[in-house]
Amino acid sequence: MNKNHNPKPMLKYLMATLILFASLLSFGQTQKPVIAILATGGTIAGSAQSSVQASYNPGILSVEQIISSVPAVNEIATLEAIQVCNISSQNMEEQIWLQLWKTIDSLFANKLCDGVVITHGTDTMEETAYFLNLTVRHPNPVVLTGSMRPASALSADGPFNLYNAVALASSKEAYGKGVMVAMNDLFFCANDVTKSHTTNTAAFTCPNYGPLGQMRDGKPSFFRENLFIHTTRSQFELKGVDKLPGTEILYAYAFASDLPFYSLIEQGTKGIVIAGAGHGNYNRPFATAMEHASKKGIVVVRSTRIPSGGVDKAAEEYNSIFPVSYNKNPQKARILLMLALTQTKDTKKIQEFFEKY
Ligand code: DGL
């Protein structure tokens, strides 16, 4: 070593490097993401007298009580709790949807959180998820979760579902993936998830494409990409909308009556989705009533009561003048038609929406 070498500058340089490295490290320390928990009720907030009985009351526990049942969730995120409502989701309302949209849009637009988890009843969870998937114009994660057993049950599934939903919403991988549903260690795209079992904890499936991925050790593994348009690429705008076009579903079955069509026409319904038998089929009274409704300016879309396979333009006995839902089941086709009708009644344009969303 050079004897004129003065070690002091080297030490100073070494210290400066260490301090810089330490500050970069601490700067680089991942701050916990801020996740807003929006509670709406459902079984995850449900309670029963006994921990083993099947019947219970949904929408009893508060958002704070639900969160306190999962202490581990505070290790992975900083939570903001918001009680939007406390209902069973079969009673979901249009105004609650609009309030959820406004709250989420404002949270993301004002950078008040990194992601949102919505606790929700499972009966209409797939509908709220799809509605938000088409209207929340932000890439931040929105994950819906719930439970099939009430919070008071032996082996309640809500706590782990909530943990997984927060872990998914906190992950960088969830960014830009559209609205998702996290249930029973799996997660699904809002575009195609559906409830397919009335009581089992493995109640959610995606009949056409399978789950989007799974949660293990609080980390998501994606099985595939979601190829449908959603969130930031959606063209549906809710600003200024305080009422959605009335859109209903009519179920086709052996010798089904056409009477409901005429009462919907009288009520001023704007859209009707047919939950057809087989590949979107229906009887002659339906065919006549559908043509009549079309002539009255109501947009009619052919969907199917069959869980998988969807409906394309091929038709059996009748020329298919009606737009088809492709892979959207009737309850999702209704939401897409409802939002499409905020922009147009042109059936060609509406058919294009069903090809993309
Ligand atoms: N009534 C149902 C609902 O709120 C309970 C089902 C559940 O949340 O799992 O959707």
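What counts and how
- Residues numbered from 1 in each chain as written.
- Predicted model: local features only at pLDDT ≥ 70, side-chain atom pairs only at ≥ 80, totals over all residues.
- Heavy atoms only, no water.
- Near = heavy atom within 4 Å.
- Polar contact = N/O pair within 3.5 Å; in protein donor to acceptor, adjacent residues only side chain to side chain.
- Areas by Shrake-Rupley, 256 points an atom, 1.4 Å probe, with all protein chains shown as cover.
- Salt bridge = Lys/Arg side-chain N within 4 Å of Asp/Glu carboxyl O.
- Helix = DSSP H or I, 4+ residues; strand = E, 2+ residues; numbered from the N terminus.
- Buried < 20%, exposed > 50% of the residue type's maximum accessible area, 1.4 Å probe, protein only.

> Before we move on, can you summarise the site of the ligand with the specific residues and values?
For the ligand, the full set of nearby residues is Gly42, Thr43, Tyr56, Ser88, Ser89, Gln90, Gly121, Thr122, Asp123, Ser147 and Met148. A distance of 2.8 Å separates an oxygen atom of the ligand from a polar atom in the backbone of Asp123. Contacts to the ligand include Ser147, whose backbone N or O atom sits 2.5 Å from an oxygen atom. Its free accessible area being 280 Å², the ligand has 93% of it covered by the protein chains.

> Account for the pattern of salt bridges, with residues named and values stated.
The tally for this structure, following the rule as stated, stands at seven salt bridges. Between Lys239 and Asp105 there is a salt bridge; the shortest N-O distance is 3.4 Å. Within this pair, whereas Lys239 is found in the loop between strand S10 (219-222) and strand S11 (247-251), its partner Asp105 is found in helix H3 (residues 94-109), the two being separated by 134 residues in sequence. Owing to a relative accessible area of 55%, Lys239 belongs among the exposed residues under this scheme. Residue classification places Asp105 among the buried positions, given a relative accessible area of 14%. The salt bridge partner of Glu173 is Lys172, with a shortest N-O separation of 3.6 Å. Residue Lys172 is classed as exposed on the basis of its relative accessible area of 69%.

> So what's going on with the environment of Pro207? Which residues, and what values?
With respect to the secondary-structure elements, Pro207 resides in the loop between strand S8 (204-205) and strand S9 (213-216). We classify Pro207 as partly exposed; its relative accessible area is 35%. Separated by 14 residues in the primary sequence, Pro207 and Val193 have C-alpha atoms spaced 7.8 Å apart.

> Any chance you could break down unusual backbone geometry for me, citing the residues and the numbers?
A positive phi angle is found at Asp185, which is not glycine, with a value near 70°. By the secondary structure assignment, Asp185 is in the loop between strand S5 (180-183) and strand S6 (186-189). Of note in the backbone geometry, Tyr326 takes a positive phi value of approximately 50° without being a glycine. Relative to the assigned elements, Tyr326 resides in the loop between strand S13 (299-304) and helix H8 (330-340).

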